[in-house]
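Residue-level structural notes
Listed here are the chains, written in short residue letters.
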Amino acid sequence: QSRHSRRAKQTKSVLSQHADFPLEKVAICFNGQFIRHRTLEKSIQAKIGGVNVSYSAFVSTSTSHSEIDSGDRVDGKELCASLLARGFKQCHADLVPYYPRIYAAQTENLEFQSHNGVYPFRTASLFSTMSRCIKKVIENEKNTSSSFDAIIMTRLDVINGISTVQPLQSWLALALGEFDLVAQKKKTGLIDDRFFFGRRDAVVRFESIFASFSTLYTPITNSPERMLFLFAKRNLQGLLIGPIPRYISFDSFEVNDSKYSLKFKREMAAQLGKSSGPLARGEEAKQRACSHIKTPLAHNKCIGLAS
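Residues numbered from 1 in each chain as written. Predicted model: local features only at pLDDT ≥ 70, side-chain atom pairs only at ≥ 80, totals over all residues. Heavy atoms only, no water.

**Some thoughts on the overall build of the protein**
Across its full length, the protein carries 12 helices and nine strands. Here the protein holds 307 residues, and 49% of them are scored as buried. In the form shown here, the protein has an accessible surface area of approximately 15800 Å², with 52% of it arising from carbon and sulfur atoms. (Helix = DSSP H or I, 4+ residues; strand = E, 2+ residues; numbered from the N terminus. Buried < 20%, exposed > 50% of the residue type's maximum accessible area, 1.4 Å probe, protein only. Areas by Shrake-Rupley, 256 points an atom, 1.4 Å probe, with all protein chains shown as cover.)

Printed below as a string of structure tokens:
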């Protein structure tokens, strides 16, 4: 037996049956608490590709477009109408009011703020939308007595910026023919929380990501990317996890920089009843020490909000 055949046998996935993974039904989970009036600008077939593939949209988000204006409400019917017009066969909108205290209560035994400047409760709230969305996919399968072949996890403020370097119409089936979950960023130990996809039986395991939050958050794994990777390592044993293909790129992705600002932190701290104490004083001391740096990126590096 050749070295190549032995290696192929060793790396064969427990879900793999053949190289050309058949795709007929794909569920796309749009998660994240705030969609900020974003929706798909092109047809889903033009964006993702695939021949004779039926796409279903599941949106799990809050009832508001942004955390700044709770009165700017998301219209679920209007949102689904726009997605159906872009080629989705069906659309389900799961809208829940956003109350940060709910997620703060779940993370109260953790540090108020991780080293990268993002509050643990913000990651918990993101994971809650992921869990809710996957749960809706599973419920839909039970109600229709059918199942999806693959599930894509992404956000409405990300999907328009995803593009392929070359027009590979079968890139989704090609990637899933090799891996059960396509998720890793270029830097090892990270799963991209903006966009990952996989075979149905691999992705549905992330339904418990929110319930597992407190067991995933550590001084080392205190970012969404690291926590997702740790979850996959624990819960997807025996499955093949591959990198996001190099021919896929993210363009025009806007980072919500406001969540790093001292003003935002003070407002959130006040809402959560943690506006005073050594951590708050430490933040202010860092801001004063770095006040001479005007470039945003350099300033964030100075105060430890960017690596």
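This is not the end of the story, as more comes after the structure.
**A closer look at the pairing of strand 6 (residues 181–184)**
As judged from the two bridges shared by strand 6 and strand 7 (residues 196–199), these two strands associate in the antiparallel manner. Within the sheet, the bridge partner assigned to valine 182 lies in strand 7 and is phenylalanine 197. One ladder, built from three bridges, connects strand 6 with strand 8 (residues 241–243); its direction is parallel. Across the sheet, the residue bridging to leucine 181 is isoleucine 241, located in strand 8. (Pairing = 2+ DSSP bridges.)

**Focus on the side chain of histidine 65**
Take histidine 65: it is sitting in the loop between strand 2 (54–62) and helix 3 (76–84). A distance of 2.9 Å separates the side chain of histidine 65 from the backbone nitrogen of histidine 37, its partner in a polar contact. Contact partners of histidine 65, with chain neighbours within four places excluded, come to Phe34, Ile35, Arg36, His37, Asp72, Arg73 and Val74. (Polar contact = N/O pair within 3.5 Å; in protein donor to acceptor, adjacent residues only side chain to side chain. Contact = heavy atoms within 4.5 Å.)

**So, the state of the cysteines**
By the definition in use, this model includes two disulfides. Between the sulfur of cysteine 29 and that of cysteine 133 lies a disulfide, 2.5 Å long from S to S. On the S-S bond that ties cysteine 29 to cysteine 133, the torsion sits near -110 degrees, and the link is left-handed. A residue pair is termed long-range when its members are at least 10 positions apart, and cysteine 29 in strand 1 (residues 25–30) and cysteine 133 in helix 5 (residues 120–144) qualify at 104 residues. (Disulfide = S-S within 2.5 Å.)

**A word on unusual backbone geometry**
Within the chain, arginine 36 stands out as a residue other than glycine whose phi angle is a positive 50 degrees. Locating arginine 36 in the fold gives a position in the loop between strand 1 and helix 2 (44–48). Positive phi is not limited to glycine here, since serine 145 has a value of about 55 degrees. Within the secondary structure, serine 145 sits in the loop between helix 5 and strand 4 (150–154). Since its relative accessible area comes to 69%, serine 145 is described here as exposed.

**Structural notes on helix 5**
With 25 residues, helix 5 ought to run about 36 Å at 1.5 Å a step, and its terminal C-alpha atoms sit 37 Å apart, in line with that. Most of helix 5 sits inside the fold, with 18 of its 25 residues counted as buried. After helix 5 finishes, the residue serine 145 shows a positive phi value of roughly 55 degrees. (Expected span 1.5 Å × (residues − 1).)

**Some details on the sheet that holds strand 4**
Taken together, seven strands build an open sheet; the order of strands is 3-2-1-4-7-6-8 and the sheet is mixed. Each end of this open sheet is capped by a strand with a single partner; those strands are strand 3 (90–96) and strand 8. Each strand axis lies, on average, 25 degrees off the axis of its neighbour in the sheet, ignoring direction. Running at roughly 140 degrees to strand 2, helix 5 makes contact with strand 1, strand 2, strand 3, strand 4 and strand 7 of the sheet. (Axes fitted to C-alpha atoms, helices over the stretch in contact; angles between N-to-C directions.)

**A look at the nonpolar core**
Nonpolar side chains in soluble globular proteins tend to be buried together. Membership of the largest hydrophobic core comes to 38 residues, with the highest contact counts inside it found for Phe127, Met130, Met153, Leu181, Phe196, Phe206 and Leu228. For this core, the elements supplying multiple residues, two or more each, are strand 1, helix 4 (100–106), helix 5, strand 4, strand 6, helix 7 (200–203), helix 8 (213–216) and helix 9 (224–235). A per-element tally of this core places helix 5 first, with eight residues. Apart from the residues within four sequence positions on either side, leucine 228 is in contact with Phe127, Met130, Ile191, Asp193, Phe196, Phe206 and Ile209. Phe30, Leu40, Val158 and Tyr247 belong to the second-largest nonpolar core, a separate cluster that totals 37 residues. (Core = buried A, V, L, I, M, F, W, Y, C linked by side-chain atoms within 4.5 Å.)

**A word on the packing of aromatic side chains**
Considering all chains together, one arrives at nine aromatic pairs under this definition. Aromatic pair phenylalanine 58 and phenylalanine 148: ring centres 5.9 Å apart, planes at 90 degrees, arrangement edge-to-face. Taken as a pair, phenylalanine 58 in strand 2 and phenylalanine 148 in the loop between helix 5 and strand 4 lie far apart in primary sequence, 90 residues in all. Across this residue pair, the class does not change: phenylalanine 58 and phenylalanine 148 are buried. When the ring of tryptophan 171 is compared with that of phenylalanine 197, the centres are 5.6 Å apart and the planes differ by 75 degrees; the resulting orientation is edge-to-face. Residue tryptophan 171 is found in helix 6 (residues 171–176), and its partner phenylalanine 197 is found in strand 7; the two are separated by 26 residues along the sequence. An identical accessibility class is assigned to tryptophan 171 and phenylalanine 197; each is buried. Among the aromatic side chains, those forming a connected cluster through ring pairs are Phe127, Phe213 and Tyr217. The lysine or arginine in question, lysine 25, covers the ring of phenylalanine 148, its NZ or CZ lying 5.1 Å from the ring centre. (Phe/Tyr/Trp six-rings, centres within 6.5 Å; stacked < 30°, edge-to-face > 60°. Lys NZ or Arg CZ within 6 Å of the ring centre and 35° of its normal.)

Purely spatial values, then, with no claim about function.
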